[in-house]
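Observations on the three-dimensional arrangement
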Amino acid sequence: MGAVILHSVVSVDGFIADENDAVGPLHEWYFAGDTPIIPPPDDQRYDHSGTGSGFRVSSASAGYVREMWESIGTIVMGRTLFDLVNGWEGQPPAGDHVVVVSHRPKPAGWHPEASYHFVDGVPAALAMAEELAGERTVAVNAGEVGGQALAAGFVDEVAMDVVPVVFGSGKRYFGGIQGQHLLAGPHVVIQGEGVLHLKFKVRR
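Quick look at the structure, then. Just so it is clear, the model here is predicted, and its values are computed rather than measured.

Reading the values: rules and limits
- Residues numbered from 1 in each chain as written.
- Predicted model: local features only at pLDDT ≥ 70, side-chain atom pairs only at ≥ 80, totals over all residues.
- Heavy atoms only, no water.
- Pairing = 2+ DSSP bridges.
- Helix = DSSP H or I, 4+ residues; strand = E, 2+ residues; numbered from the N terminus.
- Axes fitted to C-alpha atoms, helices over the stretch in contact; angles between N-to-C directions.
- Contact = heavy atoms within 4.5 Å.
- Core = buried A, V, L, I, M, F, W, Y, C linked by side-chain atoms within 4.5 Å.
- Buried < 20%, exposed > 50% of the residue type's maximum accessible area, 1.4 Å probe, protein only.

As a further point, take the sheet that holds strand S1 (residues 4-11). In any sheet, the strands associate via hydrogen bonds between backbone groups, in a parallel or an antiparallel arrangement. Read from one edge of the open sheet, eight strands run S7-S6-S5-S8-S1-S9-S12-S11, paired in mixed fashion. Pairing within the sheet leaves two strands with one partner each, and these edge strands are strand S7 (116-119) and strand S11 (188-191). The sheet shows a mean angle of 20° between the axes of neighbouring strands, direction not considered. Both strand S9 (residues 157-163) and strand S12 (residues 196-201) contribute to a ladder of six bridges, which runs antiparallel. Its bridge partner being in S12, Ala 159 is matched across the sheet by Lys 199. Strands S1, strand S5 (72-78), strand S8 (137-141), S9, S11 and S12 of the sheet are contacted by helix H1 (residues 59-71), whose axis makes an angle of about 45° with S12. Packed on one face of the sheet, helix H4 (residues 144-151) meets S1, S5, strand S6 (97-101) and S8 and runs near 125° to S8.

What follows covers the nonpolar core. One broad trend across soluble globular proteins is that nonpolar side chains are buried collectively. Grouped together as the largest cluster of nonpolar side chains are 34 residues, with contacts concentrated most on Trp 29, Tyr 30, Ile 37, Trp 69 and Tyr 116. Listing elements by their share of this core, those giving two or more residues are S1, H1, S5, S6, S7 and S9. A total of five residues in this core trace back to one element, the largest contributor, which is H1. With residues up to four places along the chain from it excluded, the contact list for Trp 29 reads Val 9, Arg 56, Val 57, Ser 61, Val 65, Asp 161, Val 163, Glu 193, Gly 194, Val 195 and His 197. With 27 residues, the next largest nonpolar core counts Val 76, Val 122, Ala 125 and Val 162 among its residues.

Written as structure tokens, this is what we have:
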């Protein structure tokens, strides 16, 4: 069984989006460098920006992000994010499967070919995600679902791509999590251009 990693890009003050779910400058570093995360021509598959340019980051970020993306077997996301990005039109940025935590089923007729599974509740979603991922990583998007997964003890590692912006308010990386949760490390610290990559093991 692979690791379960809680992951997202985040502001210095701990927000993954503003109150209106806008990410502002949080993802600018994905397009600000000269090194493709995935070499052409496959890099176009991962370009959800509409620019047609693919992701191009600093060389320091490229190796880190490439290794993480290639390790992922399944992504776990909440229904809010799914609706915002329309499930990346059935093509996740990494991995082969997506599990959506939702009380509502998949929209009728939505990309029937895509390996997307709609599951009610975080425990059931993580169980399915781990089965689908096998020995590969399960990546849980930060926010309410990610916070619930951490609080329930499912998360092995916390990964943050910290961008130098202060939002002041918005959607928190750990959602509405309550209580104290101890992390070790960080055991990974990589400085990119406009982003700092951090990884922490969850202390049991």
